Amino acid sequence: TDDTIWIPEAVPGASDNVTIKSGHKVTFSRLDSTNTCTNVTIKSGGTLEISAGNYRFVLGGYITIEDGGNLIIKNGQIFKLNGAAQTINILGLMG
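Rules and cut-offs
Throughout, a residue's number is its position along its own chain's written sequence, starting from 1. Side-chain atom pairs in this predicted model are given and counted only at pLDDT of 80 or more, local residue features only at pLDDT of at least 70, and totals for whole chains, interfaces and linings cover all residues. Based on all heavy atoms of the structure, the side-chain values leave hydrogens and waters out of the count. Strands here mean DSSP runs of E at least two residues long; helices mean DSSP runs of H or I at least four residues long; both are numbered from the N terminus. Buried means the residue's accessible area, taken with a 1.4 Å probe over protein chains only, is under 20% of the maximum for its type, while exposed means over 50%, and partly exposed covers the values in between. Here, residues are in contact when the closest pair of their heavy atoms is within 4.5 Å. Here, Shrake-Rupley sampling with a 1.4 Å probe gives the accessible areas, and only protein chains in the shown set may cover a residue. Each salt bridge in this description consists of a side-chain nitrogen of Lys or Arg and a carboxyl oxygen of Asp or Glu lying within 4 Å of one another. Note on ring pairs: Phe, Tyr and Trp rings are taken, using the six-membered ring of Trp, and paired if centres are within 6.5 Å. Classes follow the plane angle, with under 30 degrees stacked, over 60 edge-to-face and the rest tilted. Following DSSP output, two strands are said to pair if at least two bridges run between them. To obtain each axis, a line is fitted to C-alpha atoms, and for helices this fit is confined to the stretch in contact; angles are then taken between N-to-C directions over 0 to 180 degrees. The definition of a polar contact used here is a pair of N or O atoms within 3.5 Å, where within protein one atom must be able to donate a hydrogen and the other to accept one, and adjacent residues in sequence count solely through side-chain atom pairs.

Re the overall build of the protein chain
Part 1: Helix and strand counts for the protein chain come out as zero helices and nine strands.
Part 2: Reading the secondary structure of the protein chain in the N-to-C direction produces β-β-β-β-β-β-β-β-β.
Part 3: Relative to its full complement of 95 residues, the protein chain shows a buried share of 32%.
Part 4: Considering only intrachain contacts with a sequence separation of at least 6, the fraction spanning at least 24 residues in the protein chain is 36%.
Part 5: As displayed, the protein chain has an accessible area near 5700 Å², and 51% of this comes from carbon and sulfur atoms.

Rendered as structure tokens:
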């Protein structure tokens with residue numbers, strides 16, 4: 001929800017593709033019922049954290065986690081819009 005970390009300065013919308021770069025940590029803490037964004041790519045050294053509190057992150061597309069990228073879900077949820085199958089691409093080892 002912090003506009004200043006995005007270029008251009010605006011929180012991504014439903015039709016945006018999001019890339020979380022190395023050294024960046026994005027903490028998500030909303031209960032969305034429509035698309036949070038379309039696709040998410042987490043680069044090596046980047047982190048997407050869905051905060052505790054039963055927050056809901058809604059995708060229109062897919063998540064790609066590059067080798068060394070981090071997806072942390074703390075009692076939150078990832079949903080695909082309209083109940084379609086969810087695709088999470090993991091490029092590297094899971095541990």
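Describing the pattern of salt bridges
Part 1: Here the structure, examined in full by the defined rule, presents three salt bridges.
Part 2: Of the charged contacts, one joins Lys 25 and Glu 49 as a salt bridge, the two residues approaching to 3.2 Å between their closest N and O atoms. Of the two residues, Lys 25 sits in strand 2 (residues 25–28) while Glu 49 sits in strand 4 (residues 47–50), which places them 24 residues apart along the sequence.
Part 3: In this structure, Glu 49 and Lys 74 form a salt bridge, with 3.6 Å as the shortest nitrogen-oxygen distance.

So, the packing of aromatic side chains
Two measures describe an aromatic ring pair: the distance that separates the ring centres and the angle between the ring planes.
Part 1: Tallying each qualifying case throughout the model produces one aromatic pair.
Part 2: Considering the side-chain rings of Phe 28 and Phe 57, the 4.8 Å spacing of their centres and the 85° angle between planes classify their relative orientation as edge-to-face. With Phe 28 in strand 2 and Phe 57 in strand 5 (residues 56–59), the pair connects residues that are 29 residues apart, well separated along the chain.

Observations concerning the sheet that holds strand 7 (residues 70–73)
Within a sheet, neighbouring strands are paired by backbone hydrogen bonds and run either parallel or antiparallel to one another.
Part 1: Spatially, the three strands line up as an open sheet ordered 2-4-7, and their pairing is parallel. In the strand order of this sheet, the two ends are held by strand 2 and strand 7, each with one partner. In this sheet, adjacent strand axes meet at a mean angle of 10° when their direction is disregarded.
Part 2: Here strand 2 pairs with strand 4 via four bridges, running parallel.

What about the side chain of Thr 47?
Part 1: Inspection of the secondary structure assignment puts Thr 47 in strand 4.
Part 2: Within the structure, Thr 47 has its side chain in polar contact with the side chain of Asn 70 (distance 3.3 Å).

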